[in-house]
Structures are given as C-alpha cells and as structure tokens.
Amino acid sequence: KTVNVEGDLIHRMQTRPLQGQAANIGNASLLYKDQKLGLDAQLSVAYTGERLEAVSTYYGLDTWEKPSTFLDFSAQKKIGRHFIVYIKANNLLNTPYELFIKQDNASNYSGTSKYPHQESPNYTTVQYDQFYGRYSLGAKYNF
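Structure report, in brief. (Residues numbered from 1 in each chain as written. Predicted model: local features only at pLDDT ≥ 70, side-chain atom pairs only at ≥ 80, totals over all residues. Heavy atoms only, no water.)

Let's shift gears to the overall build of the chain. Assigned secondary structure in the chain consists of 1 helix and 11 strands. Projected onto its principal axes, the C-alpha coordinates of the chain cover approximately 80 × 40 × 25 Å. Looking at the chain as a whole, 22% of its 143 residues qualify as buried. Long-range contacts, defined here as pairs at least 24 residues apart, represent 55% of the contacts in the chain between residues at least 6 apart. As displayed, the chain has an accessible area near 10400 Å², and 55% of this comes from carbon and sulfur atoms. Put simply, the chain has 15 plus and 13 minus side-chain charges, and the middle of one group is 15 Å from the middle of the other. (Helix = DSSP H or I, 4+ residues; strand = E, 2+ residues; numbered from the N terminus. Buried < 20%, exposed > 50% of the residue type's maximum accessible area, 1.4 Å probe, protein only. Contact = heavy atoms within 4.5 Å. Areas by Shrake-Rupley, 256 points an atom, 1.4 Å probe, with all protein chains shown as cover. Lys, Arg positive; Asp, Glu negative; His and termini not counted. Charge placed at Lys NZ, Arg CZ, Asp CG, Glu CD.)

Written out as structure tokens, the structure is:
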C-alpha cells in the first residue's frame, strides 16, 4: 500500500521472496579424527545470504536481514579411559545481526547528523546487534 499526494490509498502488486528465505545458503566442514590419539576436531562455516525478515503492509518498507557468515571450531581429546577435555569456539568472525530497509538514506548517511551504523545512502539500517565470539573449555568424566 502507498499513499499519494492527495492522501488516497493506492494498492500495488509486489513480488518478493518468502519471509526468511535466502537465495543463497552454504555450509562446509572440515573434520579430523584420530582414534589412536583420541582426538576429534571440526572447523565449520555457514553462510546465509540476504533474506526478508519482516513484510511491511507499505510498499518498499520491508525489513531485510544482511548476509551473514559464521565460523565455528570445536575439538576434544580423550585422556586415559575416562577423561575428555574439550574446547568450543563459536562466531569466530564476530558476525553482527543487521536489519535494513531498502530505501533512500542519503540524508542520514553523511554530515553531522549521520545516524550510527548507516553504511550506504541506498538503504537504512534499522537494527545492528554486535555479537562476539563465544568460547568454552571443559572436561568430562565418563563412568
């Protein structure tokens, strides 16, 4: 829906992907296993392309999620018959979560009144959450 200069409601047909659907996604893993040493390790990467986050009832004001890439690592080492030590690391690339609207942003993109996290005059960032790597180190005992 859009409203013209006279205030009349105009209905427009629009095509777009399904909410949450990305045109491009990918996952890859490298695994290493050595039963003699009791060592297992994995490095994995996951990519999700741009996708529709929320559908607006107004033309051109849908909210989109920026593409994201995540890199994770995990390893464990068996020590003796009962102990296992492990390490896990998630989001090694410190990938943020960003939402934007595909609309002109020239007035907020530059100058003294520039809003935070505005990276382009072609879209408006409406949410930016920075996430950092998460790490855990531990030990297990199997009876």
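Further remarks concern the packing of aromatic side chains. Tallied over the full model, the rule gives 3 aromatic pairs. Ring plane angle 55° and centroid distance 5.0 Å describe the contact between Phe 100 and Tyr 123, whose orientation is recorded as tilted. On the criterion of sequence distance, the pair formed by Phe 100 in strand β9 (residues 97–101) and Tyr 123 in the loop between α1 (106–109) and β10 (124–129) is long-range, its members being 23 residues apart. Ring plane angle 85° and centroid distance 5.1 Å describe the contact between Tyr 141 and Phe 143, whose orientation is recorded as edge-to-face. Judged by its relative accessible area of 40%, Tyr 141 falls in the partly exposed class. Three or more aromatic residues joined by ring pairs form one cluster here, namely Phe 83, Tyr 141 and Phe 143. Its end group placed over the ring of Tyr 86, Lys 88 keeps NZ or CZ at 5.8 Å from the ring centre. Sitting over the face of the ring of Tyr 86, Lys 140 holds its NZ or CZ atom 5.4 Å from the ring centroid. (Phe/Tyr/Trp six-rings, centres within 6.5 Å; stacked < 30°, edge-to-face > 60°. Lys NZ or Arg CZ within 6 Å of the ring centre and 35° of its normal.)

What follows deals with the layout of surface pockets. Computed from the structure, the largest pocket encloses a volume of approximately 170 Å³. Taken together, 13 residues make up the lining of the largest pocket; nearest its centre are Asp 40, Ala 41, Ser 74, Ala 75 and Gln 76. Elements with a contribution of two residues or more to the lining of the largest pocket: β3 (25–34), β4 (39–48), β7 (68–79) and β8 (83–90). Looking at side-chain class alone, the lining of the largest pocket contains 6 nonpolar, 3 polar and 4 charged residues. (1 Å grid on protein atoms, 1.4 Å probe; cavity = no way out; pocket = protein on both sides within 12 Å on 5 of 7 lines; lining within 4 Å. Points joined across faces, edges and corners; volume = space filled by probe spheres on them. Nonpolar A, V, L, I, M, F, W, Y, C, P; charged D, E, K, R; others polar.)

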